[in-house]
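# Understanding the architecture of this molecule
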Amino acid sequence: MVFTNWAGNQSISPSEVRAPASADEVARAVRDAAASGRRVRMVGTGHSFTGVALTDGLLLRPTALTGVRSLDGDRVTVLAGTPLKDLNELLHERGLALANMGDITEQTVAGAIQTGTHGTGRDSGGLADQVTELELVLADGSLTTAVPGDDLFDAARVGLGALGVLTAVTFRVEPAFLLRNRRRRATLTGILDTLDGLTAGNEHLDFFWLPHTDACLVKTNNRDPGPPSPPGAFKHWLDNVFLENTLFGAACATGARFPALIPRINTVSAAALGDSEAVDASYRVFTSRRDVRFLEMEYAVPREHLAQALRETRDLVERMDWKITFPVEVRVSPPGDAWLSTAYGRATGYVACHMYRPTPHPAYFEGVEEIMVRLGGRPHWGKMHTRDASYLKGVYPRFADFLALRDRLDPDRLFANAYLDRVLGA
């Protein structure tokens, strides 16, 4: 069996695949891997662009490790393989919601947490910031629970699967709420001049800049008392299916065949951007449909350097005359306290660069990465980058503490793989 990720840029042939249905079965798999001298990893749904989940040893698929284990007040415990899209529906049925989310819901809860999946928020951080308890199997096959106050809790929330195999996650939830989503066209020049005010004035700010133009699509989400006024079925299909997926996919395919047309394609796309407004359940507003396959690199920079990072990225694209179809996405986050969170200890701005999957552009990613690194950037653990442990130890204050805990919990590197050897050190 060959495991291949969503983007098709990572694949592996493990020696064995299992689908454990309980924590006990995960523990048995871990002990079996250790006894046979193999490494063991649990994958999610393959939405990481890096090799973070790969192993040529015993690969665990969490397809049977799903569902809600318990719901107690403002705490919900779910099994690690539960897809976020299923969790959203389960919570909504019970009148509950997560405070913040990323825009993709195909991931499992464990995979999203372990790689530091985040959305955008002035006051609310990523998924790891909403975790109140973790259950995981350690390298010795024992089952343990990590709670606030434990080093393991702060290390394992964004743990890259390096400290153990997650079997259940407890989230802090709140009563379901509505968000007013406003979409409007703006200029990158204007946004850069008003970025602080935009961030301070909206609970959730997300914007997309179209390279080769000055055009941006700005999305702001703020809590609203209602009543709900969701987009109609046709409007939802037009914006989320036809324009953002079908038509955009056709534009990407045309640009791949005729790269010289890309600036003109982006100009036409910019002219099609329009304003809209709707009020809907939070999880429907936070999330988006993504059918066009792409490669992605995302860096987290100190919030005060975000405007500079964007200006330098724009100038670089213009100077190098690269032909870039995909928008650059920008989000923000408050400081986090998980040791390997990209927002650890600092207000953060995120810059995400994408390329159409059939036309990878290493020079584009490398050039933008140089800018982000110079500004003290931290790469998203699940997205493409070239950083290693020698760099990462300089941008994560608790990096050495994470490595020391890993040495104690997994001295034989049962959970290691090539990616972890690079980012954490062999």
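This text goes with the structure placed above it.
Remember, it's a predicted structure, so these values are computed and weren't measured experimentally. Numbering of residues begins from 1 in every chain and follows the order in which that chain's sequence is written. Predicted model: local features are reported for residues with pLDDT of at least 70 only, side-chain atom pairs are reported and counted for 80 or more only, and whole-chain, interface and lining totals are derived from all residues. Computation of side-chain values: all heavy atoms of the structure, hydrogens and water removed.

### Observations regarding the overall build of the protein chain
For clarity, the threshold we go by: Starting at the N terminus, helices and strands are each numbered in turn, a helix being any DSSP run of H or I of at least four residues and a strand any DSSP run of E of at least two. Within these notes, the globule rule equals 2.2 Å times the number of residues to the 0.38 power, and the radius of gyration is based on C-alpha atoms. A 1.4 Å probe rolled over the protein chains alone gives each residue an accessible area, and that area as a share of the maximum for its type sets the label: buried under 20%, exposed over 50%, partly exposed in between. Any two residues whose heavy atoms approach within 4.5 Å at even a single point are treated as in contact. Here Asp and Glu are counted as negative and Lys and Arg as positive; His is not counted, and neither are the chain ends. Just so you know, the charge point we use is NZ for Lys, CZ for Arg, CG for Asp and CD for Glu.
Scanning the protein chain from N- to C-terminus turns up 13 helices and 20 strands. Taken over C-alpha atoms, the radius of gyration comes to 21 Å for the protein chain, in line with the 22 Å a tight globule of 426 residues would show. Along the first, second and third principal axes, the C-alpha atoms of the protein chain reach 60 × 50 × 40 Å. Counting only residues that meet the buried cut, the protein chain has 58% of its 426 residues in that class. When contacts within the protein chain are restricted to residue pairs at least 6 apart in sequence, those whose partners lie at least 24 apart make up 73%. The average position of the 46 basic charges and that of the 51 acidic charges among the side chains of the protein chain differ by 4 Å.

### Some points on the sheet that holds strand β7 (residues 75-79)
In plain terms, the rule: DSSP bridges decide pairing: two strands pair if at least two such bridges lie between them. Orientation is described by lines fitted to C-alpha atoms, with helices fitted over the stretch in contact, and by angles between N-to-C directions that extend from 0 to 180 degrees.
In space, the 5 strands of this open sheet follow the order β6-β7-β11-β9-β10, with antiparallel pairing throughout. Here the strands that pair on one side only, and so sit at the sheet edges, are β6 (68-72) and β10 (143-146). Ignoring strand direction, the axes of neighbouring strands in this sheet form an average angle of 15 degrees. As paired elements, strand β9 (residues 131-137) and strand β11 (residues 165-172) share 6 bridges and run antiparallel to each other. Residue pairing across strands places Glu-133 opposite Thr-170, the latter belonging to β11.

### Looking at the packing of aromatic side chains
Basically, it comes down to this: Only the six-membered ring of Trp is used, alongside the rings of Phe and Tyr, when aromatic pairs are assigned; centres must lie within 6.5 Å, and planes under 30 degrees apart are stacked while those over 60 apart are edge-to-face, with the rest tilted.
Taken as a whole, this structure holds 8 aromatic pairs when the rule is applied. Ring centres 5.8 Å apart and planes at 40 degrees place the aromatic pair Tyr-364 and Phe-365 in the tilted group. According to the relative accessible area criterion, Tyr-364 is buried, its value standing at 0%.

### Digging into the nonpolar core
In plain terms, the rule: Buried residues of nine kinds, namely Ala, Val, Leu, Ile, Met, Phe, Trp, Tyr and Cys, make up a nonpolar core once their side-chain atoms join them within 4.5 Å.
Core analysis: the biggest nonpolar cluster contains 75 residues, and Phe-171 and Trp-381 have the highest contact counts within it. When neighbours within four sequence positions are excluded, Phe-171 is seen to be in contact with Asp-74, Arg-75, Val-76, Val-78, Leu-87, Leu-98, Val-109, Ile-113, Leu-127, Gln-130, Val-131 and Thr-132. Core analysis: the second largest hydrophobic core is formed by 44 residues, Leu-306, Phe-326, Cys-353 and Tyr-356 among them.

### Remarks on the sheet that holds strand β3 (residues 16-18)
Read across the open sheet, the 3 strands follow the order β3-β5-β4; overall the sheet is parallel. Across the chains shown, the open sheet's two edge strands, defined by having one partner strand only, are β3 and β4 (40-42). On average, each strand axis in the sheet is inclined to that of its neighbour by 20 degrees, with strand direction left out of account.

### Concerning the pattern of salt bridges
Selection rule: Salt bridges are identified by distance alone: a Lys or Arg side-chain nitrogen within 4 Å of an Asp or Glu carboxyl oxygen.
Tallied over the entire structure, the rule returns 34 salt bridges. As a salt-bridge pair, Arg-290 and Asp-103 come within 3.6 Å of each other at their nearest N and O atoms. Placement of the pair is Arg-290 in the loop between α8 (282-286) and β17 (294-302) and Asp-103 in the loop between β8 (96-97) and α3 (109-114), with a sequence separation of 187 residues. Take Arg-290: its relative accessible area is 25%, and that puts it in the partly exposed class. A relative accessible area of 15% means that Asp-103 is categorised as buried. The salt bridge involving Asp-337 is made with Arg-157; its shortest N-O contact spans 2.9 Å. Of this pair, Asp-337 sits in the loop between β18 (328-333) and β19 (348-356) while Arg-157 sits in the loop between α4 (151-156) and β11, and the two are 180 residues apart along the sequence. Overall, Asp-337 belongs to the partly exposed group, its relative accessible area being 44%. Residue Arg-157 is classed as buried on the basis of its relative accessible area, which comes to 3%.

### Some thoughts on the environment of Tyr-350
What counts is decided by this rule: Pairs of N or O atoms are called polar contacts if they sit within 3.5 Å, as long as, within protein, a hydrogen donor faces a hydrogen acceptor (for residues adjacent in sequence, only side-chain-to-side-chain pairs).
Within the secondary structure layout, Tyr-350 lies in strand β19. By relative accessible area, Tyr-350 is classed as buried at 2%. Residues Tyr-350 and Met-372, 22 residues apart in the sequence, show an inter-C-alpha distance of 10.0 Å. Not counting residues up to four positions away in its chain, the partners in contact with Tyr-350 are His-118, Glu-298, Tyr-299, Ala-300, Leu-306, Glu-329, Val-330, Arg-331, Val-332, Ser-333, Thr-342 and Ala-343. Within the local environment of Tyr-350, its side chain forms a polar contact with the side chain of Thr-342, the two groups lying 2.9 Å apart.

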